[in-house]
Amino acid sequence: MSTNWVQRLYKLATHKQRLIIGLMSGTSLDGLDVSLCKVEGFGLDTKVKSLQFETVPYPTEFKNEIRKIFSKKNVDLEQVCLENERIGNLHGDIINQLLKKWKIKNSDVDLIASHGQTIFHSPKRLRKKDSYGNATLQIGDGDHIALKTQIITLSDFRQKHIAAGGEGAPLAIYGDYLLFKDPAENRIMLNIGGIANFTYLPSSINENGVFSTDVGPGNTMMDQFMQKHFNKSADFEALEAKKGAVDTALLATLLNHPFFDKGFPKTTGPELFNLSYLEKAIQKSNTGHITLNNQLATLNMFTAKCIEQAIKKCFMPSDNPVFYLSGGGIHNPLLIENLKETIGFGEFKNINSLGINPDEKEAILFALLANETVCGSALKIGETKDNPQVLMGKISLP
(Lines give C-alpha, C1' and ligand atoms only; values in the text may rest on other atoms or scores of the structure.)
Protein backbone atom coordinates (compact mmCIF):
# COMPACT_ATOMS: atom_id res chain seq x y z
CA MET A 1 0.00 0.00 0.00
CA SER A 2 1.50 3.33 -1.07
CA THR A 3 1.88 6.22 1.34
CA ASN A 4 1.12 9.85 0.56
CA TRP A 5 4.36 11.15 2.06
CA VAL A 6 3.63 14.79 1.33
CA GLN A 7 0.34 14.53 3.19
CA ARG A 8 2.07 12.79 6.08
CA LEU A 9 4.73 15.51 6.20
CA TYR A 10 2.01 18.15 6.32
CA LYS A 11 0.23 16.40 9.18
CA LEU A 12 3.49 16.06 11.15
CA ALA A 13 3.68 19.83 11.41
CA THR A 14 0.40 19.87 13.32
CA HIS A 15 1.23 17.07 15.77
CA LYS A 16 1.90 17.97 19.38
CA GLN A 17 5.00 15.80 19.38
CA ARG A 18 7.28 14.03 16.92
CA LEU A 19 9.65 11.08 17.18
CA ILE A 20 12.90 12.14 15.50
CA ILE A 21 16.23 10.38 15.00
CA GLY A 22 19.20 12.72 15.00
CA LEU A 23 22.42 11.56 13.34
CA MET A 24 25.89 13.00 13.79
CA SER A 25 29.16 11.83 12.26
CA GLY A 26 32.05 14.11 13.15
CA THR A 27 35.50 14.74 11.78
CA SER A 28 37.00 12.20 14.17
CA LEU A 29 35.27 9.42 12.18
CA ASP A 30 34.78 7.42 15.38
CA GLY A 31 31.32 6.34 14.38
CA LEU A 32 27.72 7.41 13.94
CA ASP A 33 25.92 9.03 16.88
CA VAL A 34 22.25 8.03 16.79
CA SER A 35 19.80 9.79 19.10
CA LEU A 36 16.12 8.89 19.24
CA CYS A 37 14.25 11.91 20.58
CA LYS A 38 10.71 12.74 21.52
CA VAL A 39 10.24 16.39 20.57
CA GLU A 40 7.22 18.33 21.76
CA GLY A 41 6.16 21.64 20.25
CA PHE A 42 8.49 23.96 18.34
CA GLY A 43 10.15 27.34 18.69
CA LEU A 44 10.34 28.68 22.23
CA ASP A 45 7.91 26.00 23.41
CA THR A 46 10.19 23.13 22.33
CA LYS A 47 10.77 20.29 24.77
CA VAL A 48 12.96 17.30 24.00
CA LYS A 49 13.54 13.99 25.70
CA SER A 50 16.17 11.46 24.67
CA LEU A 51 14.64 7.98 24.50
CA GLN A 52 17.64 6.05 23.15
CA PHE A 53 21.23 6.85 22.24
CA GLU A 54 24.08 4.84 20.81
CA THR A 55 27.34 5.48 18.99
CA VAL A 56 27.94 2.81 16.36
CA PRO A 57 31.68 2.52 15.60
CA TYR A 58 32.76 2.61 11.98
CA PRO A 59 34.77 -0.33 10.57
CA THR A 60 38.49 0.41 10.13
CA GLU A 61 38.29 -0.18 6.38
CA PHE A 62 35.47 2.36 6.09
CA LYS A 63 37.40 5.00 8.05
CA ASN A 64 40.51 4.48 5.93
CA GLU A 65 38.53 4.95 2.73
CA ILE A 66 36.88 8.16 3.99
CA ARG A 67 40.24 9.58 5.07
CA LYS A 68 41.40 9.33 1.43
CA ILE A 69 38.88 12.04 0.49
CA PHE A 70 38.59 13.90 3.82
CA SER A 71 39.92 17.48 4.00
CA LYS A 72 42.08 17.02 0.91
CA LYS A 73 42.07 19.32 -2.12
CA ASN A 74 43.09 16.61 -4.56
CA VAL A 75 40.99 13.46 -4.40
CA ASP A 76 39.53 10.74 -6.60
CA LEU A 77 36.21 12.28 -7.69
CA GLU A 78 34.75 8.88 -8.49
CA GLN A 79 35.37 7.79 -4.90
CA VAL A 80 33.57 10.89 -3.62
CA CYS A 81 30.53 9.82 -5.68
CA LEU A 82 30.75 6.24 -4.44
CA GLU A 83 31.16 7.21 -0.78
CA ASN A 84 28.20 9.58 -1.02
CA GLU A 85 26.01 6.58 -1.75
CA ARG A 86 27.79 4.18 0.59
CA ILE A 87 27.56 6.47 3.61
CA GLY A 88 23.84 7.04 3.02
CA ASN A 89 23.21 3.30 2.77
CA LEU A 90 25.40 2.55 5.79
CA HIS A 91 23.59 5.10 7.93
CA GLY A 92 20.25 3.69 6.80
CA ASP A 93 21.35 0.18 7.72
CA ILE A 94 22.54 1.35 11.14
CA ILE A 95 19.18 2.99 11.85
CA ASN A 96 17.28 -0.15 10.84
CA GLN A 97 19.47 -2.30 13.07
CA LEU A 98 19.10 0.01 16.07
CA LEU A 99 15.33 0.33 15.73
CA LYS A 100 15.09 -3.44 15.66
CA LYS A 101 17.33 -3.62 18.74
CA TRP A 102 15.23 -0.99 20.52
CA LYS A 103 12.02 -2.80 19.47
CA ILE A 104 10.64 0.27 17.71
CA LYS A 105 8.85 0.11 14.37
CA ASN A 106 10.27 2.25 11.56
CA SER A 107 6.73 3.43 10.87
CA ASP A 108 6.57 4.92 14.38
CA VAL A 109 9.51 7.26 13.66
CA ASP A 110 8.44 10.56 12.09
CA LEU A 111 11.72 12.03 10.87
CA ILE A 112 15.44 11.45 10.50
CA ALA A 113 17.82 14.40 10.76
CA SER A 114 21.12 13.51 9.11
CA HIS A 115 24.17 15.74 9.35
CA GLY A 116 26.13 13.61 6.89
CA GLN A 117 29.91 13.30 6.76
CA THR A 118 31.87 16.49 6.19
CA ILE A 119 34.66 15.95 3.68
CA PHE A 120 35.63 19.58 3.05
CA HIS A 121 34.91 22.95 4.64
CA SER A 122 36.09 26.09 2.86
CA PRO A 123 35.02 29.44 4.35
CA LYS A 124 36.06 32.35 2.14
CA ARG A 125 38.01 33.98 4.95
CA LEU A 126 40.55 31.13 4.94
CA ARG A 127 41.23 31.28 1.21
CA LYS A 128 43.24 33.65 -0.93
CA LYS A 129 41.11 36.15 -2.77
CA ASP A 130 38.98 34.46 -5.41
CA SER A 131 35.52 34.84 -6.90
CA TYR A 132 33.96 32.14 -4.74
CA GLY A 133 32.06 32.51 -1.49
CA ASN A 134 31.80 30.21 1.51
CA ALA A 135 31.53 26.50 0.77
CA THR A 136 31.20 23.20 2.58
CA LEU A 137 30.43 19.63 1.54
CA GLN A 138 28.79 16.86 3.52
CA ILE A 139 28.16 13.49 1.85
CA GLY A 140 25.88 10.59 2.73
CA ASP A 141 22.85 11.11 0.54
CA GLY A 142 19.51 11.61 2.32
CA ASP A 143 17.53 9.84 -0.40
CA HIS A 144 19.34 6.60 0.31
CA ILE A 145 18.62 6.92 4.04
CA ALA A 146 14.94 7.65 3.37
CA LEU A 147 14.51 4.67 1.07
CA LYS A 148 16.48 2.29 3.30
CA THR A 149 14.45 3.18 6.38
CA GLN A 150 11.13 4.27 4.83
CA ILE A 151 11.34 7.36 7.06
CA ILE A 152 11.19 10.99 5.88
CA THR A 153 14.75 12.29 6.06
CA LEU A 154 16.15 15.83 6.35
CA SER A 155 19.81 16.24 5.44
CA ASP A 156 22.45 18.65 4.11
CA PHE A 157 21.61 21.30 6.70
CA ARG A 158 24.66 23.50 6.20
CA GLN A 159 23.98 24.50 2.58
CA LYS A 160 21.00 26.75 3.45
CA HIS A 161 23.11 28.58 6.03
CA ILE A 162 25.73 29.27 3.36
CA ALA A 163 23.11 30.26 0.78
CA ALA A 164 21.82 32.85 3.27
CA GLY A 165 25.31 34.34 3.75
CA GLY A 166 26.75 32.28 6.59
CA GLU A 167 29.71 29.90 6.69
CA GLY A 168 27.66 26.76 7.28
CA ALA A 169 28.78 26.46 10.90
CA PRO A 170 28.47 26.38 13.79
CA LEU A 171 24.77 25.52 13.83
CA ALA A 172 24.46 24.82 17.54
CA ILE A 173 23.16 28.26 18.47
CA TYR A 174 19.50 27.44 17.77
CA GLY A 175 19.26 24.26 19.79
CA ASP A 176 21.52 25.59 22.54
CA TYR A 177 19.19 28.53 23.06
CA LEU A 178 16.00 26.46 23.01
CA LEU A 179 17.32 23.84 25.44
CA PHE A 180 19.79 25.53 27.75
CA LYS A 181 18.99 29.23 28.26
CA ASP A 182 18.62 30.05 31.95
CA PRO A 183 18.02 33.37 33.74
CA ALA A 184 20.04 32.18 36.72
CA GLU A 185 23.48 32.17 35.05
CA ASN A 186 25.59 33.17 32.07
CA ARG A 187 26.22 29.94 30.21
CA ILE A 188 28.93 29.05 27.74
CA MET A 189 28.09 25.82 25.94
CA LEU A 190 31.59 24.64 25.02
CA ASN A 191 31.72 21.77 22.56
CA ILE A 192 35.13 20.19 21.96
CA GLY A 193 34.78 17.91 18.97
CA GLY A 194 37.23 17.79 16.10
CA ILE A 195 36.90 21.57 16.12
CA ALA A 196 36.17 23.55 19.30
CA ASN A 197 33.19 25.91 19.34
CA PHE A 198 30.95 27.57 21.89
CA THR A 199 27.56 29.22 22.21
CA TYR A 200 27.09 32.06 24.69
CA LEU A 201 23.74 32.17 26.49
CA PRO A 202 23.48 35.33 28.65
CA SER A 203 21.37 35.18 31.78
CA SER A 204 19.29 38.03 30.35
CA ILE A 205 17.99 35.45 27.81
CA ASN A 206 18.22 38.30 25.29
CA GLU A 207 18.13 36.71 21.85
CA ASN A 208 20.37 39.47 20.48
CA GLY A 209 23.07 38.71 23.05
CA VAL A 210 23.41 35.08 22.01
CA PHE A 211 26.21 34.10 19.66
CA SER A 212 28.08 31.00 18.53
CA THR A 213 31.50 30.55 16.93
CA ASP A 214 34.32 28.15 16.17
CA VAL A 215 37.53 29.01 17.98
CA GLY A 216 40.13 26.59 16.57
CA PRO A 217 41.13 22.94 16.78
CA GLY A 218 39.53 20.69 19.35
CA ASN A 219 40.66 17.08 19.10
CA THR A 220 41.45 16.94 15.40
CA MET A 221 45.20 17.52 15.51
CA MET A 222 45.73 15.35 18.57
CA ASP A 223 43.72 12.53 16.98
CA GLN A 224 45.64 12.76 13.70
CA PHE A 225 48.90 12.74 15.65
CA MET A 226 47.91 9.64 17.60
CA GLN A 227 46.85 7.82 14.44
CA LYS A 228 50.15 8.56 12.73
CA HIS A 229 52.62 8.02 15.56
CA PHE A 230 50.88 5.71 18.06
CA ASN A 231 48.47 3.74 15.87
CA LYS A 232 45.56 4.75 18.10
CA SER A 233 42.46 6.74 17.23
CA ALA A 234 42.89 9.17 20.13
CA ASP A 235 44.98 9.93 23.22
CA PHE A 236 42.67 8.13 25.61
CA GLU A 237 42.77 9.60 29.13
CA ALA A 238 45.68 11.78 27.81
CA LEU A 239 48.07 8.96 28.73
CA GLU A 240 50.66 9.96 26.11
CA ALA A 241 50.36 13.74 26.49
CA LYS A 242 50.83 13.46 30.24
CA LYS A 243 54.28 11.93 29.62
CA GLY A 244 55.38 15.06 27.77
CA ALA A 245 55.94 18.76 28.48
CA VAL A 246 54.73 21.81 26.61
CA ASP A 247 57.30 23.40 24.30
CA THR A 248 56.71 27.16 24.52
CA ALA A 249 58.42 27.98 21.20
CA LEU A 250 56.31 25.48 19.29
CA LEU A 251 53.15 26.61 21.09
CA ALA A 252 53.77 30.25 20.22
CA THR A 253 54.28 29.36 16.55
CA LEU A 254 51.09 27.27 16.45
CA LEU A 255 49.17 30.23 17.84
CA ASN A 256 50.62 32.62 15.24
CA HIS A 257 48.00 32.45 12.49
CA PRO A 258 45.65 35.13 11.06
CA PHE A 259 42.63 32.95 11.87
CA PHE A 260 42.97 33.78 15.55
CA ASP A 261 42.79 37.53 14.84
CA LYS A 262 39.53 37.27 12.91
CA GLY A 263 36.34 38.48 14.54
CA PHE A 264 33.43 36.31 15.66
CA PRO A 265 31.54 34.37 14.44
CA LYS A 266 33.97 32.36 12.32
CA THR A 267 34.50 28.76 11.28
CA THR A 268 37.40 26.48 10.53
CA GLY A 269 38.22 22.81 10.07
CA PRO A 270 40.89 20.15 9.58
CA GLU A 271 41.59 21.71 6.18
CA LEU A 272 43.64 24.28 8.13
CA PHE A 273 44.44 22.61 11.44
CA ASN A 274 46.14 19.34 10.55
CA LEU A 275 49.53 17.60 10.76
CA SER A 276 50.87 19.71 7.90
CA TYR A 277 50.13 22.78 10.03
CA LEU A 278 52.06 21.16 12.88
CA GLU A 279 55.02 20.24 10.68
CA LYS A 280 55.32 23.79 9.36
CA ALA A 281 55.20 25.14 12.92
CA ILE A 282 57.95 22.72 13.97
CA GLN A 283 60.13 23.94 11.12
CA LYS A 284 59.51 27.62 11.89
CA SER A 285 60.22 27.16 15.61
CA ASN A 286 63.25 24.88 15.11
CA THR A 287 61.72 22.30 17.45
CA GLY A 288 62.23 19.17 15.38
CA HIS A 289 64.30 17.68 18.19
CA ILE A 290 61.51 17.49 20.77
CA THR A 291 59.96 14.12 21.62
CA LEU A 292 56.62 12.89 20.29
CA ASN A 293 55.16 13.13 23.78
CA ASN A 294 56.28 16.76 24.05
CA GLN A 295 54.68 17.49 20.68
CA LEU A 296 51.43 15.91 21.84
CA ALA A 297 51.50 17.79 25.15
CA THR A 298 51.97 20.99 23.17
CA LEU A 299 49.04 20.17 20.89
CA ASN A 300 46.91 19.58 23.97
CA MET A 301 47.84 23.00 25.31
CA PHE A 302 47.34 24.52 21.85
CA THR A 303 43.67 23.49 21.91
CA ALA A 304 43.30 24.91 25.43
CA LYS A 305 44.95 28.20 24.45
CA CYS A 306 42.77 28.58 21.35
CA ILE A 307 39.70 28.30 23.55
CA GLU A 308 41.15 30.51 26.27
CA GLN A 309 42.06 33.33 23.88
CA ALA A 310 38.58 33.32 22.35
CA ILE A 311 36.88 33.26 25.75
CA LYS A 312 38.96 36.18 27.06
CA LYS A 313 38.14 38.27 23.99
CA CYS A 314 34.46 37.90 24.84
CA PHE A 315 34.17 37.65 28.61
CA MET A 316 35.47 39.05 31.87
CA PRO A 317 35.85 37.20 35.18
CA SER A 318 33.00 39.37 36.50
CA ASP A 319 30.66 37.67 34.02
CA ASN A 320 30.93 34.55 36.20
CA PRO A 321 30.18 32.19 33.32
CA VAL A 322 29.41 28.52 33.77
CA PHE A 323 31.08 26.37 31.11
CA TYR A 324 29.04 23.33 30.09
CA LEU A 325 31.32 20.91 28.26
CA SER A 326 30.39 18.40 25.57
CA GLY A 327 32.09 16.51 22.74
CA GLY A 328 34.99 14.08 22.72
CA GLY A 329 37.35 16.52 24.43
CA ILE A 330 35.47 16.06 27.66
CA HIS A 331 37.14 12.64 27.96
CA ASN A 332 40.64 14.21 27.93
CA PRO A 333 41.47 15.05 31.55
CA LEU A 334 44.67 16.94 30.69
CA LEU A 335 42.79 19.19 28.28
CA ILE A 336 40.17 19.99 30.89
CA GLU A 337 42.93 20.72 33.42
CA ASN A 338 44.68 23.01 30.92
CA LEU A 339 41.42 24.81 30.20
CA LYS A 340 40.71 25.52 33.84
CA GLU A 341 44.26 26.78 34.43
CA THR A 342 44.52 28.98 31.34
CA ILE A 343 41.05 30.56 31.54
CA GLY A 344 41.28 31.02 35.28
CA PHE A 345 37.67 31.98 35.93
CA GLY A 346 34.18 30.53 35.69
CA GLU A 347 32.81 27.18 36.75
CA PHE A 348 33.27 24.07 34.61
CA LYS A 349 30.58 21.39 34.39
CA ASN A 350 29.84 18.37 32.25
CA ILE A 351 26.71 18.99 30.20
CA ASN A 352 25.29 15.78 31.67
CA SER A 353 24.45 17.91 34.70
CA LEU A 354 21.74 19.40 32.46
CA GLY A 355 20.42 15.95 31.60
CA ILE A 356 22.16 15.64 28.22
CA ASN A 357 24.76 13.01 27.34
CA PRO A 358 27.86 15.02 26.25
CA ASP A 359 28.41 12.64 23.32
CA GLU A 360 24.77 12.91 22.23
CA LYS A 361 24.32 16.67 22.21
CA GLU A 362 25.05 17.37 18.55
CA ALA A 363 22.78 14.60 17.30
CA ILE A 364 19.96 16.07 19.39
CA LEU A 365 20.63 19.54 18.03
CA PHE A 366 20.19 18.34 14.46
CA ALA A 367 16.96 16.62 15.44
CA LEU A 368 15.76 20.01 16.68
CA LEU A 369 16.76 21.71 13.42
CA ALA A 370 14.66 19.17 11.52
CA ASN A 371 11.75 19.76 13.89
CA GLU A 372 11.89 23.51 13.29
CA THR A 373 12.01 23.07 9.51
CA VAL A 374 8.97 20.80 9.44
CA CYS A 375 7.02 23.08 11.78
CA GLY A 376 8.00 26.23 9.89
CA SER A 377 9.62 28.10 12.75
CA ALA A 378 12.62 30.38 12.22
CA LEU A 379 13.50 32.27 15.37
CA LYS A 380 16.00 35.08 14.90
CA ILE A 381 18.36 34.03 17.69
CA GLY A 382 21.64 35.91 17.69
CA GLU A 383 21.24 36.63 13.99
CA THR A 384 23.99 38.55 12.24
CA LYS A 385 25.02 38.97 8.62
CA ASP A 386 27.55 36.16 9.08
CA ASN A 387 25.20 33.95 11.10
CA PRO A 388 21.76 33.96 9.45
CA GLN A 389 18.95 32.11 11.19
CA VAL A 390 17.04 30.19 8.53
CA LEU A 391 15.18 26.92 8.17
CA MET A 392 17.66 24.25 7.13
CA GLY A 393 17.67 20.74 5.69
CA LYS A 394 16.66 19.19 2.37
CA ILE A 395 13.65 16.86 2.60
CA SER A 396 13.90 13.35 1.13
CA LEU A 397 10.68 11.36 0.89
CA PRO A 398 10.84 7.54 0.89
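Each remark here, short or long, concerns the structure printed above.
Now for a look at the structure at hand. (Residues numbered from 1 in each chain as written. Predicted model: local features only at pLDDT ≥ 70, side-chain atom pairs only at ≥ 80, totals over all residues. Heavy atoms only, no water.)

Relative to the assigned elements, Gly140 resides in the loop between β5 (135-139) and α4 (142-149). On the accessibility criterion, Gly140 (8% relative accessible area) is buried. For the pair Gly140 and Lys73, spaced 67 residues apart in sequence, the C-alpha separation works out to 19 Å. Here Gly140 is in contact with Asn84, Ile87, Gly88 and Ile145, once residues within four sequence places are set aside. (Helix = DSSP H or I, 4+ residues; strand = E, 2+ residues; numbered from the N terminus. Buried < 20%, exposed > 50% of the residue type's maximum accessible area, 1.4 Å probe, protein only. Contact = heavy atoms within 4.5 Å.)

Okay, unusual backbone geometry next. Each neighbour pair has its own omega, and for Ala169 with Pro170 the value is -20°, a cis peptide bond. Following Phe264, the chain continues into Pro265 via a peptide bond in cis, with omega recorded as 0°. Relative to the helices and strands, Pro265 is located in the loop between α8 (248-254) and α9 (275-285). Positive phi outside glycine occurs at Leu29, with the angle close to 60°. Mapped onto the elements, Leu29 comes out in the loop between β1 (17-25) and β2 (31-40). Leu29 sits in the buried class, given a relative accessible area of 1%. The backbone of Asp156 sits at a positive phi, close to 55°, despite the residue not being glycine. Tracing the sequence through the fold places Asp156 in the loop between β6 (153-155) and α5 (158-163).

For the rest of this paragraph, the subject is the sheet that holds strand β11 (residues 347-350). If you walk across this open sheet you meet the 5 strands as β9-β8-β7-β10-β11, and the pairing is mixed. Looking at strand neighbours, the two that pair on one side only are β9 (211-217) and β11, the edges of this open sheet. Geometrically, the sheet is characterised by an average inter-axis angle of 25° between neighbouring strands, direction not taken into account. In terms of strand pairing, strand β7 (residues 187-192) meets strand β8 (residues 195-201) through 6 bridges, oriented antiparallel. For Arg187, the partnering residue across the bridge sits in β8 and is Leu201. (Pairing = 2+ DSSP bridges. Axes fitted to C-alpha atoms, helices over the stretch in contact; angles between N-to-C directions.)

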